[in-house]
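Tertiary structure, described
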Amino acid sequence: MIDQELVLTTGAPANGGSCVARHDGRVVFVRYALPGEQVRVRITAERGSYWHGECVEVLEPAAGRVPSLCPIAGVDGAGCCDLAFADPAVARELKGAVVSNQLARLGSYEWEGSAEPVGDDGPTGWRTRVRLDVGADGRAGFHRYHSDELVTDLQCGQLPAGMIKGLAEQSWRPGDHLHVVADDDGVRHVVSTGRDHRPQVMEGDYHATQWVGRRRWQIPVTSFWQAHRRAAALYSALVGQWAQADTGMTAWDLYGGAGIFAAALAETVGESGRVISADTSRAATGAARAALADLPQVSVRTDSVRRVLSDANSGADVAVLDPPRAGAGREVIEALATAGVPRIVHIGCEAASFARDIGLYRAQGYAVEQIRVFDAFPLTHHVECVALLTR
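It should be emphasised that the depicted structure is a prediction, and the values quoted were computed from it without experimental measurement. (Residues numbered from 1 in each chain as written. Predicted model: local features only at pLDDT ≥ 70, side-chain atom pairs only at ≥ 80, totals over all residues. Heavy atoms only, no water.)

1. Structural notes on the overall build of the protein
Which entries qualify depends on this criterion: Helix numbering and strand numbering both begin at the N terminus, where a helix is a DSSP run of H or I of at least 4 residues and a strand a DSSP run of E of at least 2. In this description the radius of gyration comes from C-alpha coordinates, and the expected globular size is given by 2.2 Å times residues to the power 0.38. Between two residues, a contact is recorded if the distance between any of their heavy atoms is within 4.5 Å. Per-residue and other accessible areas follow the Shrake-Rupley method at a 1.4 Å probe size, with only the shown protein chains counted as cover for residues. Note on charges: Lys and Arg go in the positive column, Asp and Glu in the negative column, and His and the chain ends are not counted at all. Note on charges: their place is set at NZ of Lys, CZ of Arg, CG of Asp or CD of Glu.
The secondary structure content of the protein amounts to 7 helices and 21 strands. Radius of gyration (C-alpha) of the protein: 22 Å, near the 21 Å computed for a compact globule of 391 residues. In terms of overall dimensions, the protein has C-alpha extents of about 65 × 50 × 35 Å along its principal axes. Long-range contacts, defined as pairs at least 24 residues apart, comprise 59% of the intrachain contacts of the protein with a sequence gap of at least 6. Accessible surface for the protein amounts to roughly 17,400 Å². Of this, 45% is attributable to carbon and sulfur atoms. With 38 positive and 47 negative side-chain charges, the protein shows a spacing of 3 Å between the two charge centroids.

So this is what it looks like as structure tokens:
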């Protein structure tokens, strides 16, 4: 069945960037299509009872289809911008529908809404950092979708002007990764990493400057920071608002990374309060210690969240969690409930794991007060979800 082409009519959006279609009763997940389109689909994979395919021709387009906002994405192109063909407002509606579906299926919770834009800069040129891989020919590129092949045209719609200028014309060490950051001071940093050598600074410095409000972070170019240039400030402000921490309270910043949320929590609990920020990344916690050195109420631990929770001598008044894509999971959420944390702000960057975690919180007696979904990765199917839960 692989490489066979079918004419299908697409239905609802599915988590992961596809739309659901059917052929002789079999579910087909179709990439590069919008709901309600008639498309010619090339089957690319069989997974048990369902197939995966990609739209190779649009026969009857939906009203929300626009000329691609990324010149290198799409079928046989780079895997960077899998929704570049959707009007941004339509894409936000689709993302909201996917989150709604996942919450109902995996969290037994009803929610409706659309993804909100992050700032008013538009859907292109939003990215602050990108990783490129280097092929055997020494050229840097983006991967094709689920492929080792590289696209060496670097004009991705997510990247701001000048971010990758000149990189496509240079020859690099085959097999390396290029980490490129355009920081908040307008400086470009390029660092090369590989299996058999230490990180090499090719341009700029190894640390990039990032600001949230008046606080400055020095983040290793190879470490995590929010990809969207407006996201860190937006999430920090929202966490500060939803946490409702007060003077003298104890707050946990779990999966805290470089301590963005710890800084926001520290402002509200004051020097008589306490903030514990925990992450397994030494680079991230090192950046947090440096950036928050003037805040005696903040303690930064390089450790797993599970160990931090098991070692806690007492509970917290509020916890903020920003776990990786796999989510927090049952053990962590049960530990939070056992500790009696009354107020939780939970952030998730993958709709299914976020929805599953919401269900786990509810099973532990937490109520969902608010959910907001952000279009933090325009031109792609990815979202950022934030929930406020109380006991």
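2. Here's the deal with the environment of R391
Note the following rule: Here a polar contact is taken to be a pair of N or O atoms separated by no more than 3.5 Å, where protein atoms must pair a possible hydrogen donor with a possible acceptor and residues adjacent in sequence count only if both atoms sit in side chains.
Along the chain, R391 falls in the segment after β21 (384-390). Taking C-alpha positions, R391 is 4.6 Å from Y366, a pair spaced 25 residues apart along the chain. Excluding residues that lie within four positions of it along the chain, R391 makes contacts with A337, G340, V341, P342, Q364, G365 and Y366. From its side chain, R391 meets the backbone oxygen of A337 in a polar contact 2.8 Å long.

3. Details of the packing of aromatic side chains
Short version of the rule: Side-chain rings of Phe, Tyr and Trp (the six-membered ring for Trp) are treated as a pair once their centres are within 6.5 Å; stacked means planes under 30 degrees apart, edge-to-face means over 60, and tilted covers the remaining angles. The classification of residues rests on relative accessible area computed with a 1.4 Å probe and restricted to protein chains. Under 20% of the type maximum is buried, over 50% is exposed, and intermediate values are partly exposed. Charge over a ring is defined by NZ of Lys or CZ of Arg lying within 6 Å of the ring centre and within 35 degrees of the ring normal.
Summed over the entire model, instances satisfying the criterion amount to 5 aromatic pairs. Centre to centre, the rings of F29 and Y50 are 5.4 Å apart; their planes meet at 90 degrees, and the pair counts as edge-to-face. Linking F29 in strand β3 (residues 26-31) with Y50 in strand β5 (residues 50-60), this pair joins segments that are 21 residues apart in sequence. Accessibility expressed as a relative area gives 31% for Y50, which makes it partly exposed. One cation-aromatic arrangement involves R31 over Y32; the distance from NZ or CZ to the ring centre is 5.2 Å. Taking NZ or CZ as reference, R31 lies 3.6 Å from the ring centre of Y145, over its face.

4. Points about the packing of helix α1 (residues 88-107) against helix α7 (residues 351-363)
Under the convention used in this document: Between N-to-C directions, angles span 0 to 180 degrees; the directions come from axes that are lines fitted to C-alpha atoms, helices contributing only their stretch in contact. Oblique is the label for every angle not falling under 35 degrees (roughly parallel), over 145 degrees (roughly antiparallel), or within 65 to 115 degrees (roughly perpendicular). The crossing is said to be left-handed when, going from far helix to near helix, the turn is anticlockwise and less than a right angle, and right-handed when the turn is clockwise. The residue classification treats Ala, Val, Leu, Ile, Met, Phe, Trp, Tyr, Cys and Pro as nonpolar and Asp, Glu, Lys and Arg as charged. All others, Gly included, are polar.
One way to put it is that α1 packs onto α7 with a least axis distance of 8 Å and a crossing angle of 40 degrees. Considering their axes alone, α1 and α7 lie oblique with respect to each other. Here α1 and α7 pass one another in a crossing that is right-handed. Packed against α1, whose contacting residues are V98, V99, Q102, L103, L106 and G107, the element α7 presents A351, A352, F354, A355, R356, I358, G359 and R362 at the interface. Class assignment for the residues of the contact of α1 with α7 results in 9 nonpolar, 3 polar and 2 charged.

5. Focus: the nonpolar core
Keep this limit in mind: Joining through side-chain atoms within 4.5 Å is the link that ties buried Ala, Val, Leu, Ile, Met, Phe, Trp, Tyr and Cys residues into a set, and such a set is a nonpolar core.
W217, W225, V275, L292 and V298 are the most contacted members of the largest nonpolar core, which totals 41 residues. Elements that contribute at least two residues to this core include exactly β14 (215-220), α2 (231-243), α3 (260-269), α4 (282-291), β17 (298-302), β18 (318-321), β19 (343-348) and β21. Beyond its immediate stretch of four places on either side in the chain, W225 contacts R129, Q210, V212, W217, I219, A232, A258 and I260. The next biggest cluster of nonpolar side chains, apart from the first, holds 38 residues, and it includes L103, A115, V332 and I358.

6. Thoughts on the side chain of T390
Of note, T390 is situated in strand β21. The buried category is assigned to T390, whose relative accessible area is 12%. At a separation of 2.6 Å, a polar atom in the side chain of T390 contacts the side chain of E369. Not counting the four nearest positions on each side in its chain, T390 is found in contact with P342, R343, G365, Y366, A367 and E369.

7. A word on the pattern of salt bridges
Put simply, the test is: Salt bridges are counted wherever a side-chain nitrogen of Lys or Arg sits within 4 Å of a carboxyl oxygen of Asp or Glu.
As enumerated under the stated definition, the model contains 20 salt bridges in all. Among the ionic pairs, D121 bridges to R229, the shortest N-O distance being 3.5 Å. Of the two residues, D121 is situated in the loop between β6 (116-117) and β7 (129-134) and R229 in the loop between β14 and α2; the sequence distance between them amounts to 108 residues. In the salt-bridge network here, residues are joined through shared partners; they are R301, D303, R307 and D311.

8. Concerning unusual backbone geometry
Among all residues except glycine, the phi angle is most often negative; among peptide bonds, the trans geometry is most common. In this model, D3 sits at a positive phi of 75 degrees, which is unusual for a non-glycine residue. Relative to the elements of secondary structure, D3 occurs in the segment before β1 (5-9).

9. Regarding the pairing of strand β8 (residues 140-143)
For clarity, the threshold we go by: For two strands to be treated as a pair, DSSP must find at least two bridges joining them.
Relative to β8, β7 runs antiparallel, the two sharing 2 bridges. From the neighbouring strand, D133 faces β8, where its bridge partner is G141. The antiparallel hairpin formed by β7 and β8 contains 5 residues in its connecting segment, where G138 sits at a positive phi of about 80 degrees. Pairing between β8 and strand β9 (residues 150-151): 2 bridges, direction antiparallel. Directly across from H143, in β9, lies its bridge partner L150.

10. Brief notes about the environment of D253
Along the chain, D253 falls in strand β15 (residues 250-254). Overall, the relative accessible area of 1% leaves D253 in the buried class. Beyond its immediate chain neighbours, meaning those up to four positions away, D253 contacts G259, F261, A262, L265, I276, S277, A278 and V320.

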